[in-house]
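Structure at a glance
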Amino acid sequence: MPPIVPIFVHSEAMSSIGFGIDVGGSGVKGARVDLESGEFASERIKILTPQPATPEAVAEVVAQIVEQAQWEGPVGITVPGIVRDQVVESAANIDSSWIGTNAQELFSRHLDGREVTVLNDADAAGLAEITYGIPEASRGPVIFLTLGTGIGSAILIDGHLYPNSELGHLEVDGKEAERRASSAVKERKDLSYKQWAQRVDKVLHTYEELFSPSLFIVGGGISRKSEKWIPLLTCRTKVVPARLLNTAGIVGAAMISQQDSAS
């Protein structure tokens, strides 16, 4: 059983500014983060995810972002896959060559040996939402979902994270949830918000039956237009948009980089 990850606590030993990088299926994004407020302390830098998104190719892009930002400290990096003991164990929306890669060693090598911490992208976003977003996220069982290229998930229990849940790969009526209801599916099939909300609703009903959460928090870029589809959902559990929207992955990565560097 993986360890439960506690809520982030800023200490005097930590810098008030961290740097996070979020590796996504379409873009690699990074920024300085004010760890007191959870807000960006610099402009976000984005470079398109290389294709194929192999470990070496992505690490080169990460190094470009750090160099462009002129950042010298520890770096937190998210990847869209299971990360255990800094080794990537799945690769749904990046190249399959990531499986078995020691991501910490990879990125540290490309960043001239500096301190690096790597974690699952949705886990990073969930931790950020607990700390800077919705107060309800720290109470009871909460499911945080990022709807984007796939569906990322973070299971939060009284403010603690159960890592690497990967609920987007759970089958719903014979098809993986993220192949049924990610925002990429909406775009690819040119679905209306009503049509897409029905797909999201089916997925949430399944999660509801299995986990009985007290709250769903939905993030990703499409959460910016939550008023167009959240009111169409019929699940019993309350559904709210993430307050950090699609910045949460970078914020969570920056948090973890500083917490690990202080430990």
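Remember, predicted model here, so these are calculated numbers, not experimental data.

Definitions and limits used
Residues numbered from 1 in each chain as written. Predicted model: local features only at pLDDT ≥ 70, side-chain atom pairs only at ≥ 80, totals over all residues. Heavy atoms only, no water. Domains from an automatic or database assignment. Buried area = accessible area lost by both parts, 1.4 Å probe. Salt bridge = Lys/Arg side-chain N within 4 Å of Asp/Glu carboxyl O. Axes fitted to C-alpha atoms, helices over the stretch in contact; angles between N-to-C directions. Helix = DSSP H or I, 4+ residues; strand = E, 2+ residues; numbered from the N terminus. Parallel < 35°, antiparallel > 145°, perpendicular 65-115°, else oblique. Left-handed = near helix turned anticlockwise from the far one by under 90°. Contact = heavy atoms within 4.5 Å. Buried < 20%, exposed > 50% of the residue type's maximum accessible area, 1.4 Å probe, protein only. Pairing = 2+ DSSP bridges. Phe/Tyr/Trp six-rings, centres within 6.5 Å; stacked < 30°, edge-to-face > 60°. Lys NZ or Arg CZ within 6 Å of the ring centre and 35° of its normal. Polar contact = N/O pair within 3.5 Å; in protein donor to acceptor, adjacent residues only side chain to side chain.

Interfaces are frequently sized by the accessible area removed from exposure as the parts join. The assigned domain composition of the chain is domain 1 (17-123) and domain 2 (136-242). For domain 1 and domain 2, the distance between their C-alpha centroids amounts to 24 Å. Interface area, domain 1 with domain 2, both sides summed: about 840 Å², of which 47% is carbon and sulfur. Looking only at domain 1, the three residues that lose the most surface to domain 2 are Asn93, Ala122 and Asp123, adding up to 56% of its buried area. Where domain 1 packs against domain 2, one counts zero salt bridges.

On to the packing of helix α1 (residues 55-69) against helix α2 (residues 103-110), then. A pair of packed helices is captured by two measures, namely the crossing angle of their axes and the spacing between those axes. Contact pair α1 / α2: the axes reach a minimum separation of 9 Å and the direction vectors enclose 50°. As judged from the angle between their axes, α1 and α2 are oblique. As for how α1 packs across α2, the hand of that crossing is right-handed. Only Leu106, Phe107, Arg109 and His110 of α2 make contact with α1, whose side of the interface consists of Pro55, Glu56, Val58, Ala59, Glu60, Val62 and Ala63.

By the criterion of burial, strand β1 (residues 17-23) is predominantly enclosed, with six of the seven residues buried. Between β1 and strand β2 (residues 27-34), which pair antiparallel one after the other, the connecting turn spans three residues. By the bridge criterion, three bridges tie β1 to strand β5 (residues 75-79) in an arrangement that is parallel. Each bridged residue has a counterpart across the sheet, and for Ile21 the counterpart in β5 is Ile77.

Moving on: the side chain of Thr237. Relative to the helices and strands, Thr237 resides in the loop between β14 (215-219) and β15 (239-241). For Thr237, a relative accessible area of 9% translates into the label buried. Not counting residues up to four positions away in its chain, the partners in contact with Thr237 are Glu208, Pro213, Ser214, Leu215 and Phe216.

As a further point, take the packing of aromatic side chains. In the structure shown here, the tally under the stated rule is three aromatic pairs. An angle of 70° between the planes, with centres 4.9 Å apart, marks the rings of Trp196 and Trp229 as edge-to-face. One end of the pair, Trp196, is in helix α6 (residues 193-211); the other, Trp229, is in the loop between β14 and β15, and 33 residues separate them in sequence. A relative accessible area of 0% means that Trp196 is categorised as buried. Accessibility expressed as a relative area gives 0% for Trp229, which makes it buried. The ring of Tyr193 is capped by Lys186, whose NZ or CZ atom sits 4.2 Å from the centre of that ring.

Our next topic: the side chain of Ser182. Position of Ser182 relative to the elements: it lies in the loop between α4 (177-181) and α5 (183-189). Given the relative accessible area of 1%, Ser182 is considered buried. Within the structure, the side chain of Ser182 is placed 3.1 Å from the backbone oxygen of Glu178, a separation counted as a polar contact. Each residue touching Ser182, except ones within four places of it in the same chain, is listed here: Gly148, Thr149, Gly150, Ile151, Ala177 and Trp196.

Let us look at the environment of Gly252. Residue placement: Gly252 occurs in helix α7 (residues 248-262). Through-space distance from the C-alpha of Gly252 to that of Asp121 is 8.5 Å; in sequence the pair is 131 residues apart. Here Gly252 is in contact with Ala124 and Ala128, once residues within four sequence places are set aside.

This next bit is on the environment of Ile17. With respect to the helices, strands and loops of the structure, Ile17 is situated in strand β1. Sequence separation of Ile17 and Ile222 is 205 residues, and the distance between their C-alpha atoms is 28 Å. The contacts of Ile17, once residues within four sequence positions are left out, are Arg32, Val33, Asp34, Leu35, Ala41, Trp71 and Gln258.

Think of a sheet as strands paired side by side through backbone hydrogen bonds, with each pair either parallel or antiparallel. The strand order across the open sheet formed by five strands is β11-β10-β9-β14-β15, and the pairing between neighbours is mixed. Every other strand in the sheet has two partners, leaving β11 (160-162) and β15 as the edge strands with one partner each. Strand-to-strand twist of the sheet, defined as the mean angle between neighbouring strand axes without regard to direction, takes the value 30°. The pairing of strand β9 (residues 141-147) with β14 spans five bridges and is parallel. Note that in β14 the partner of Leu145 across the bridge is Val218.

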